[in-house]
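# Notes for the structure review
Here are the chains, one letter per residue:
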Amino acid sequence: QVQLVESGGGLVQAGGSLRLSCAASGRTFSGYIMGWFRQVAGKEREFVAAISWSGNSTYYADSVKGRFTISRDNSKNTVYLQMNSLKPEDTAVYYCAGRFGPLIVPLLRRADEYDYWGQGTQVTVSS
């Protein structure tokens, strides 16, 4: 089993930056694709970014491409989401998620395809 814990959320002004971290622990970490999702009250959970632990490939939602960067540090079992040029529309609870299995790109954007989730961290961008 895998446990995920997010940190790094907070309040920033539009145009500012935040770096989110997701620390993973458990019996095994190999074979996991890691992703970031975000959710606003009353709306569907939205894909933000994903990264393959084995392939070092990254994927982004169109709304964040060029502004957000997902990365990993396997020695620390941690994934990061660097968020730059933040907009008020980025305000949400951000969740870290893990998916075990082969890399199938169309599945990376589906929240219901992920096996493990963190508790979330609030990101608020003021205008």
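Here we summarise the structure given alongside this text.

The rules behind these values
- Residues numbered from 1 in each chain as written.
- Predicted model: local features only at pLDDT ≥ 70, side-chain atom pairs only at ≥ 80, totals over all residues.
- Heavy atoms only, no water.
- Pairing = 2+ DSSP bridges.
- Helix = DSSP H or I, 4+ residues; strand = E, 2+ residues; numbered from the N terminus.
- Salt bridge = Lys/Arg side-chain N within 4 Å of Asp/Glu carboxyl O.
- Buried < 20%, exposed > 50% of the residue type's maximum accessible area, 1.4 Å probe, protein only.
- Disulfide = S-S within 2.5 Å.

Bridge count for strand β7 (residues 68-73) against strand β8 (residues 78-83) is 6 bridges, and the pairing is antiparallel. What sits directly across from I70, in β8, is L81. A loop of 4 residues connects β7 with β8, the two strands running antiparallel in sequence, and N77 in this loop sits at a positive phi of about 50°.

Considering all chains together, one arrives at 4 salt bridges under this definition. Two residues, E46 and R38, come together in a salt bridge whose shortest N-O distance is 3.0 Å. As a salt-bridge pair, D90 and R38 come within 2.9 Å of each other at their nearest N and O atoms. Within this pair, whereas D90 is found in the loop between β8 and β9 (92-100), its partner R38 is found in strand β4 (residues 32-39), the two being separated by 52 residues in sequence. The class of R38 is buried, set by a relative accessible area of 6%. Linked by salt bridges that have partners in common, R38, E46, R67 and D90 make up one network.

Scanning all chains against the criterion turns up 1 disulfide. The partner cysteine of C22 in its disulfide is C96, sulfur to sulfur 2.0 Å. One quick way to see it: the torsion about the S-S bond of C22 and C96 is about -80°, and its sign makes the bridge left-handed. With C22 in strand β3 (residues 18-26) and C96 in strand β9, the pair connects residues that are 74 residues apart, well separated along the chain. Here C22 matches C96 in class, with each residue buried.

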